[in-house]
Amino acid sequence: MLRKHGKNIAEMQFTQKRTADLAIDLYAIVAVLSRTTRAIERQGEEGARRELDLTQIFVAAAEKRLEETSASFDENDDELRKAVATRAYNDGSYPFDVF
């Protein structure tokens, strides 16, 4: 993204969020794998069965998030979201507020 947008990336909050989300999920996967590896080393594969199962569940969920986040770099509703926010700002409120 830095190569594509250069210094303009500072103004691209949706892109920054996606990049952060990717980094967070990748870091979490590494942390989970590290912890599970340590459990296997200490307890053996069967002794660490719970960690292995939890790791499998977590990594599968994270993989889905990573795929969705990666795809949203190219296909997203960023401009529509900006337009809605701009209209609400210019109007001074959101017309459907509930009191």
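Conventions we followed
Residues numbered from 1 in each chain as written. Predicted model: local features only at pLDDT ≥ 70, side-chain atom pairs only at ≥ 80, totals over all residues. Heavy atoms only, no water. Helix = DSSP H or I, 4+ residues; strand = E, 2+ residues; numbered from the N terminus. Buried < 20%, exposed > 50% of the residue type's maximum accessible area, 1.4 Å probe, protein only. Contact = heavy atoms within 4.5 Å. Areas by Shrake-Rupley, 256 points an atom, 1.4 Å probe, with all protein chains shown as cover. Salt bridge = Lys/Arg side-chain N within 4 Å of Asp/Glu carboxyl O. Core = buried A, V, L, I, M, F, W, Y, C linked by side-chain atoms within 4.5 Å. Expected span 1.5 Å × (residues − 1). Bend = angle between axes of the 7 residues up to and from the residue.

### Comments concerning the overall build of the chain
Turning to step 1, where the next piece is worked out: When helices and strands are counted, the chain shows four helices and zero strands.
Turning to step 2, where the next piece is worked out: Each helix and strand of the chain, placed in order from N terminus to C terminus, yields the pattern α-α-α-α.
Turning to step 3, where the next piece is worked out: Out of the 99 residues belonging to the chain, those deemed buried represent 16%.
Turning to step 4, where the next piece is worked out: Long-range pairs, those at least 24 residues apart, make up 57% of the contacts in the chain with a sequence separation of at least 6.
Turning to step 5, where the next piece is worked out: Element-wise, carbon and sulfur atoms account for 56% of the exposed surface of the chain, whose accessible area totals about 8300 Å².

### Remarks on the pattern of salt bridges
Turning to step 1, where the next piece is worked out: For the coordinates displayed, the defined rule picks out eight salt bridges.
Turning to step 2, where the next piece is worked out: Across the pair Arg65 and Asp25 runs a salt bridge, and its minimum N-O distance is 2.8 Å. On the criterion of sequence distance, the pair formed by Arg65 in helix 3 (residues 49–71) and Asp25 in helix 2 (residues 13–47) is long-range, its members being 40 residues apart.
Turning to step 3, where the next piece is worked out: Given the relative accessible area of 9%, Asp25 is considered buried.
Turning to step 4, where the next piece is worked out: Here the salt bridges share partners, and the residues they tie into one network are Glu45, Glu46, Arg49 and Asp53.

### Considerations on the nonpolar core
Turning to step 1, where the next piece is worked out: Grouped together as the largest cluster of nonpolar side chains are five residues: Leu22, Ile29, Ala62, Leu66 and Phe73.
Turning to step 2, where the next piece is worked out: Those elements that provide at least two residues to this core are helix 2 and helix 3.
Turning to step 3, where the next piece is worked out: Apart from the residues within four sequence positions on either side, Leu66 is in contact with Leu22, Asp25, Leu26 and Ile29.

### Remarks on the environment of Asp25
Turning to step 1, where the next piece is worked out: Along the sequence, Asp25 and Glu63 sit 38 residues apart, while their C-alpha atoms lie 8.4 Å from each other.
Turning to step 2, where the next piece is worked out: Apart from residues lying up to four places away in sequence, Asp25 is in contact with Ala62, Arg65 and Leu66.

### Structural notes on helix 2
Turning to step 1, where the next piece is worked out: With 35 residues, helix 2 extends just 44 Å between its outermost C-alpha atoms, more than 12% less than the 51 Å of an ideal straight helix rising 1.5 Å per residue.
Turning to step 2, where the next piece is worked out: The sharpest bend along helix 2 comes to roughly 90 degrees, located at Glu41.
Turning to step 3, where the next piece is worked out: The set of residues buried in helix 2 consists of Thr15, Arg18, Leu22, Asp25, Ile29, Thr36 and Ala39.
Turning to step 4, where the next piece is worked out: Where helix 2 is buried, its residues meet helix 3 and helix 4 (78–91).

### Focus on the side chain of Thr36
Turning to step 1, where the next piece is worked out: Mapping Thr36 onto the fold places it in helix 2.
Turning to step 2, where the next piece is worked out: Not counting residues within four places of it along the chain, the set of residues in contact with Thr36 comprises Glu51, Leu52 and Thr55.

### Topic: helix 4
Turning to step 1, where the next piece is worked out: For helix 4, spanning 14 residues, the distance from its first C-alpha to its last is 20 Å, which sits close to the expected 20 Å at 1.5 Å a residue.
Turning to step 2, where the next piece is worked out: In the stretch just after helix 4, Gly92 is the one whose phi turns positive, near 80 degrees.

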